[in-house]
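Coordinate inspection notes
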Amino acid sequence: MRSNKGRDTKPELALRRAIHAMGLRYRVSYRPLKSVRRTADLVFTKAKVAVFMDGCFWHGCPVHHTVAVTNASFWAEKVRRTRERDAETDRLLHEAGWHVVRVWEHEDPAEAALRVASAVRPHRTH
């Protein structure tokens, strides 16, 4: 598990490149709420938008999640707890006035970047 990267994965880098090409700037691996120990993959601080890139296995993607063959009950519980934590994170951020965008790793980066931009642009100040 040590080789599983927490940031700068290929899907995350592709999304970051697509968003950067749209002229949007962001913080990487940043805690939107200092009081909560949760890190978003991309954060637009002024627009109060937090973007999370969720891995299909780790976050239980409804399309691509596979059931582990070895130690299945352990992994099923781990994914269940991850999904609960994701829901709690979304709730805490919404309560604090943030907009949350969740992107699956299998999504097309250009399409995901458009979703992120549509969340950020209404809140941009020039």
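What comes next concerns the included structure.

Quick notes on the rules
Residues numbered from 1 in each chain as written. Predicted model: local features only at pLDDT ≥ 70, side-chain atom pairs only at ≥ 80, totals over all residues. Heavy atoms only, no water. Core = buried A, V, L, I, M, F, W, Y, C linked by side-chain atoms within 4.5 Å. Buried < 20%, exposed > 50% of the residue type's maximum accessible area, 1.4 Å probe, protein only. Helix = DSSP H or I, 4+ residues; strand = E, 2+ residues; numbered from the N terminus. Patch = residues over 30% accessible without salt bridge, like charges linked within 9 Å, V, L, I, M, F, W, Y side chains within 5 Å. Areas by Shrake-Rupley, 256 points an atom, 1.4 Å probe, with all protein chains shown as cover. Salt bridge = Lys/Arg side-chain N within 4 Å of Asp/Glu carboxyl O. Lys, Arg positive; Asp, Glu negative; His and termini not counted. Charge placed at Lys NZ, Arg CZ, Asp CG, Glu CD. Contact = heavy atoms within 4.5 Å. 1 Å grid on protein atoms, 1.4 Å probe; cavity = no way out; pocket = protein on both sides within 12 Å on 5 of 7 lines; lining within 4 Å. Points joined across faces, edges and corners; volume = space filled by probe spheres on them. Nonpolar A, V, L, I, M, F, W, Y, C, P; charged D, E, K, R; others polar. Pairing = 2+ DSSP bridges. Right-handed = clockwise from strand over helix to strand, strands pointing away. Disulfide = S-S within 2.5 Å.

This next bit is on the nonpolar core. Counting 17 residues, the largest nonpolar core has Leu15, Ile19, Phe44, Val49 and Val51 as the members making the most contacts within it. When residues of this core are assigned to their parent elements, the largest contribution, six residues, is made by helix α3 (residues 109-120). Counting residues in hydrophobic clusters, the runner-up holds nine residues, among them Val36, Val43, Phe52 and Trp98.

Once that is clear, we can look at a positive patch on the surface. On the surface, Arg27, Arg31, Lys34 and Arg37 cluster together into a patch of positive charge. With respect to the element layout, Arg27 can be found in strand β1 (residues 27-30).

Our next topic: the environment of His106. Inspection of the secondary structure puts His106 in the loop between β4 (99-104) and α3. A relative accessible area of 36% places His106 in the partly exposed class. Between the C-alpha atom of His106 and that of Val63, which follows or precedes it by 43 residues, the distance is 9.4 Å. Setting aside anything within four residues of it in sequence, one finds His106 in contact with Cys56, Cys61 and His64.

In this approach, a probe sized like a water molecule rolls over the atoms, and the result shows the empty space that is left. A full pass over the atoms with the stated rule returns one cavity of 30 Å³ or more. There is about 50 Å³ of room inside the largest cavity. Lining the largest cavity are Pro32, Leu33, Val36, Arg38, Phe52, Thr89, Leu92 and Leu93. Take the lining of the largest cavity: its biggest share by element is three residues, from helix α2 (residues 72-95). Per-class residue counts for the lining of the largest cavity are six nonpolar, one polar and one charged.

The subject of this paragraph is the pairing of β4. In the case of a regular strand, side chains alternate between the two sheet surfaces. Of all six residues that make up β4, five are buried, and the element is covered over most of its length. Alignment of strand β3 (residues 49-54) against β4, held across six bridges, turns out to be parallel. In the sheet register, Val51 faces β4, and the bridge partner there is Val101. Handedness of the β-α-β unit built from β3, α2 and β4 comes out right-handed.

On to the state of the cysteines, then. A covalent bond between the sulfur atoms of two cysteines is what we call a disulfide. A complete count under the given rule lists zero disulfides for this structure. No disulfide involves Cys56; its sulfur sits 3.8 Å from that of Cys61, the nearest cysteine. Accessibility expressed as a relative area gives 5% for Cys56, which makes it buried.

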